[in-house]
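Chain by chain, the residues:
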Amino acid sequence: MQDRARHERLSRRTRDRAAVMLILGVLLVMPPFVGILASDARIGSVPVTLLALFGLWAALIVMAWRLSRVLGAAPDDQETKQ
């Protein structure tokens, strides 16, 4: 029973982290926040703003992948009932 309660807490925290990640990701790609990065600076011929957006996008994908691994590793409630 204690293991199941621990798993529930971990699962709830992981879902909370996923929700926070979603909200943070949406807020960071909104125009007011992207405007902070806006500049004429370039690395090679690529604008820094574009690199920052793709970097943020890549970071969100990696975090989502890690969270999905944690949620996917959790035992399924349907299997434990049978």
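Everything below is about the structure shown above.
So, here is what we can say about the structure in this document. (Residues numbered from 1 in each chain as written. Predicted model: local features only at pLDDT ≥ 70, side-chain atom pairs only at ≥ 80, totals over all residues. Heavy atoms only, no water.)

## Some words on the packing of aromatic side chains
Two aromatic rings are characterised by how far apart their centres lie and by the angle between their planes.
At step 1: Evaluated as defined, the whole model comprises 1 aromatic pair.
At step 2: Considering the side-chain rings of Phe54 and Trp57, the 5.8 Å spacing of their centres and the 80° angle between planes classify their relative orientation as edge-to-face. Taken together, the positions of Phe54 and Trp57, both in helix H3 (residues 48–73) and 3 residues apart, correspond to about one turn of that helix.
At step 3: On the basis of relative accessible area, Trp57 is assigned to the exposed category, the value being 53%. (Phe/Tyr/Trp six-rings, centres within 6.5 Å; stacked < 30°, edge-to-face > 60°. Helix = DSSP H or I, 4+ residues; strand = E, 2+ residues; numbered from the N terminus. Buried < 20%, exposed > 50% of the residue type's maximum accessible area, 1.4 Å probe, protein only.)

## Observations regarding a nonpolar patch on the surface
At step 1: Residues Leu22, Ile23, Leu24, Val26, Leu27, Leu28, Met30, Phe33, Ile36 and Leu37 make up a contiguous nonpolar surface patch of roughly 920 Å² in combined accessible area.
At step 2: Listed by contribution, the elements that provide at least two residues to the nonpolar patch are helix H1 (2–28) and helix H2 (31–37).
At step 3: At 6 residues, the largest contribution of residues to the nonpolar patch is made by H1.
At step 4: Here Phe33 is to be found in helix H2. (Patch = residues over 30% accessible without salt bridge, like charges linked within 9 Å, V, L, I, M, F, W, Y side chains within 5 Å. Areas by Shrake-Rupley, 256 points an atom, 1.4 Å probe, with all protein chains shown as cover. Salt bridge = Lys/Arg side-chain N within 4 Å of Asp/Glu carboxyl O.)

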